[in-house]
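Structure at a glance
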2 protein chains.
Amino acid sequence: MSKKQEVLPRSVPLDTPAHELLRAPKDFTLGAVDPKSTPGYSGNKISGADDLKETGQVLDGLQERLFADSRSGATPKVLLILQAMDTAGKGGIVRHVVGLVDPQGVEHHAFKAPTEEEKAHDFLWRIEKELPGAGYIGVFDRSHYEDVLIHKVRGYADDAELERRYAAINEFEARLVAEDTKVVKVMMHISKDEQRSRLAERLERPDKHWKFNPGDIDERLLWDDYMHAYEVAINRTNTEAAPWHVIPANRKWYARLAVASLLREALEDIDPQWPVATFDVKKERKRLQKS
Amino acid sequence: MSKKQEVLPRSVPLDTPAHELLRAPKDFTLGAVDPKSTPGYSGNKISGADDLKETGQVLDGLQERLFADSRSGATPKVLLILQAMDTAGKGGIVRHVVGLVDPQGVEHHAFKAPTEEEKAHDFLWRIEKELPGAGYIGVFDRSHYEDVLIHKVRGYADDAELERRYAAINEFEARLVAEDTKVVKVMMHISKDEQRSRLAERLERPDKHWKFNPGDIDERLLWDDYMHAYEVAINRTNTEAAPWHVIPANRKWYARLAVASLLREALEDIDPQWPVATFDVKKERKRLQKS
């Protein structure tokens, strides 16, 4: 920890801040994003791993300050929302990026198909319960966006209901931001071919079978519908308060570096500080000596 | 991940399994444990860090299998319960040991002073809500044991109530074990002098002030009462189903290696397996090719 104090500002691996570089523009189309590309980064897989490690050290220090600051009443927290097609690497982000910081400061939740109880409530009910507390980095592996993605593709919700949900999401996220939550929304974008080869690997390897579900291919057959649903959802909820970032994700190492950079920038923007002692240090030192 | 498949059984760093070596014996006394000692380990801080890293790789593979196995219905889970005096290193265990595995497979909870709502229920009510699900490693930083430690020392509960609680804890933990929870109970034992120097460090360093609370010294003034309360609690709840382990913790590197070894042994005892595919691999391969 003494090392952390001495950490100097380090060079950032991307040539432009990730939140600018990867932000979905107005009238966003997925066709504009090449899943194989590595925007803003001229390095390769090897240097990418080194840069991830270094970004992780910075993140780790920032996360500890965020947590510490909250103990004396600071309210900021971070919510990382991960959305993607199957195999795009959400799990790898949690393992290799979120895993770079202290587990005590992370609140991770993977949203599955809703339970009967969850279905009996509005779609944001179960989301609300998993929001991170002050000082935490919350991580959503899937989220309320499923309710405008699979629901649109599968027709579980009609157009009027989808409209209601886009608006509800924007209001909900605006409230989170007003409550001092830094909302980092990430769509990880892989190509359809890349998904095929990743699913094929899951089928080839017995230690990967548990990650495969025949339903994954059913969803894959609706690939174009999903891409359209993503485009609509991103455009309808790409607010100033909670903008979308779209990460080319065919190269896992790039996607990890990009998300780590987004988290780093979010925390640098919060700029958490070590809280000032609310006790009399000299007096406590004396009490300690006598004890 | 392909590397994981090839992991061969590795040598274990301790000369005796940690769950035997560190298990509290019948009629346990804390005087029998030297907080500076490193039972079963002849290495030093440097080799200890290497051995922790290697144990972490084994742990990581076992945790993934535990999680995978649960997806096809296996019920085992692990609950690590950490108890200790302030500064003994519970937080370091979470950061440096629990942090070695995928955050997706961990459910961590730090119990604080109970809220009014929690106080309005029996002491196990809030504990029950934080129990890990199948496939998870649950980590309790403090636990239901606070209700027989600080409550005994401070007299918040009388003897009859404490007796009720010891018995209730034993029944509760026996049920967890019957529900396929591997309960790993750890008391981290530091010396009173070591606590003084760690508290002093927190007072010296502004980036550590947030970890200090004048109440920590109030508790320290009751050190002997706490040691007695720990001895009684350990002896009253040191069951075959859920035994206690007492870890000499003056050397942080040893305590981390010891707890990592306990977790590794717990997972090896569960011996989780990659689940067998419940789908027709050939058929899915064909569907994928066509998609």
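Look up: the structure comes first, before these words.
Residues numbered from 1 in each chain as written. Chains lettered and ligands numbered in written order. Predicted model: local features only at pLDDT ≥ 70, side-chain atom pairs only at ≥ 80, totals over all residues. Heavy atoms only, no water.

So, the overall build of chain A
In terms of regular secondary structure, chain A is built from 13 helices and five strands. The C-alpha atoms of chain A give a radius of gyration of 21 Å, which matches the 19 Å a tight globule of 291 residues would have. Overall size of chain A, expressed as C-alpha extent along the three principal axes, is 70 × 45 × 40 Å. Looking at chain A residue by residue over its 291 residues, the buried ones come to 52%. Total accessible area on chain A is roughly 13,100 Å²; 49% of this is exposed by carbon and sulfur atoms. (Helix = DSSP H or I, 4+ residues; strand = E, 2+ residues; numbered from the N terminus. Rg over C-alpha atoms; globule rule 2.2 N^0.38 Å. Buried < 20%, exposed > 50% of the residue type's maximum accessible area, 1.4 Å probe, protein only. Areas by Shrake-Rupley, 256 points an atom, 1.4 Å probe, with all protein chains shown as cover.)

A word on the pattern of salt bridges
A full pass over the atoms with the stated rule returns 55 salt bridges over all chains. Two residues, Glu146 of chain B and Arg142 of chain B, come together in a salt bridge whose shortest N-O distance is 3.1 Å. Take Glu146 of chain B: its relative accessible area is 15%, and that puts it in the buried class. Each of the salt bridges in this network shares a partner with another, and the network as a whole consists of Asp60, Glu64 and Asp102 of chain A together with Arg95 of chain B. (Salt bridge = Lys/Arg side-chain N within 4 Å of Asp/Glu carboxyl O.)

A word on the relation of the copies chain A and chain B
By a simple turn and slide, chain A fits onto chain B: the slide is 0.0 Å along the axis, the RMSD is 0.0 Å, and the turn is 180°. These values place the two chain copies in the arrangement generated by a two-fold rotation axis. (Least-squares fit on C-alpha atoms with pLDDT ≥ 70 in both.)

Some thoughts on the sheet that holds strand β2 (residues 106-110) of chain B
Paired through backbone hydrogen bonds, the strands of a sheet run either parallel or antiparallel to each other. Residues and elements named next belong to chain B. With parallel pairing, the five strands of this open sheet are ordered in space as β2-β3-β1-β4-β5. The open sheet has two free edges, formed respectively by β2 and β5 (244-248), since each of these has just one partner strand. Neighbour-to-neighbour, the strand axes of this sheet turn through a mean angle of 20°, independent of strand direction. Where strand β1 (residues 77-84) and strand β3 (residues 137-141) come together, five bridges link them in parallel fashion. Its bridge partner lying in β3, Leu80 is registered against Val139. (Pairing = 2+ DSSP bridges. Axes fitted to C-alpha atoms, helices over the stretch in contact; angles between N-to-C directions.)

Quick word on the side chain of Glu219 of chain A
Its location among the elements puts Glu219 of chain A in helix α10 (residues 214-220). The contacts of Glu219 of chain A, once residues within four sequence positions are left out, are Ile150, Arg154 and Tyr226 of chain A. (Contact = heavy atoms within 4.5 Å.)

So, the packing of aromatic side chains
Residues and elements named next belong to chain A. The full count for this structure, using the stated rule, is 14 aromatic pairs over all chains. Relative to Trp244, the ring of Tyr145 has its centre 4.8 Å away and its plane inclined at 70°; by these criteria the two rings are edge-to-face. Of the two residues, Tyr145 is situated in the loop between β3 (137-141) and α7 (146-153) and Trp244 in strand β5 (residues 244-248); the sequence distance between them amounts to 99 residues. Each member of the pair Tyr145 and Trp244 is classed as buried. Through a chain of ring-to-ring contacts, three or more aromatic side chains come together here, namely Tyr41, Trp253 and Tyr254. Its end group placed over the ring of Trp125, Lys129 keeps NZ or CZ at 3.9 Å from the ring centre. Its end group placed over the ring of Phe123, Arg165 keeps NZ or CZ at 5.4 Å from the ring centre. (Phe/Tyr/Trp six-rings, centres within 6.5 Å; stacked < 30°, edge-to-face > 60°. Lys NZ or Arg CZ within 6 Å of the ring centre and 35° of its normal.)

Looking at the side chain of Lys185 of chain B
Residues and elements named next belong to chain B. You can see Lys185 is positioned in strand β4 (residues 181-189). Side-chain polar atoms of Lys185 contact the side chain of Tyr145, separated by 2.8 Å. With near-sequence residues (within four places) excluded, Lys185 lies in contact with Ile81, Tyr145, Glu173, Thr237, Ala242, Pro243, Trp244 and His245. (Polar contact = N/O pair within 3.5 Å; in protein donor to acceptor, adjacent residues only side chain to side chain.)

A short note on the interface of chain A and chain B
On the side of chain B, 51 residues touch chain A, which itself brings 51 residues to the contact. Both sides together, the interface formed by chain A and chain B hides about 4,600 Å², and carbon and sulfur atoms give 61% of it. Looking at the side of chain A facing chain B, the largest losses of area belong to Arg95, Trp210 and Leu288 of chain A, adding up to 17% of the total buried there. The tally of links from chain A across to chain B stands at ten salt bridges. Taken together, chain A and chain B are joined by 16 residue pairs in polar contact (both at pLDDT 80 or more). (Buried area = accessible area lost by both parts, 1.4 Å probe.)

Description of the environment of Ile81 of chain A
Residue and element names in this part refer to chain A. In this fold, Ile81 is placed in strand β1 (residues 77-84). Distance from Ile81 to Phe279, taken between C-alpha atoms, is 38 Å for residues 198 residues apart in sequence. The contact partners of Ile81, leaving out residues within four places of it in the chain, are Phe140, Ser143, His144, Tyr145, Glu173, Val183, Val184, Lys185 and Val186.

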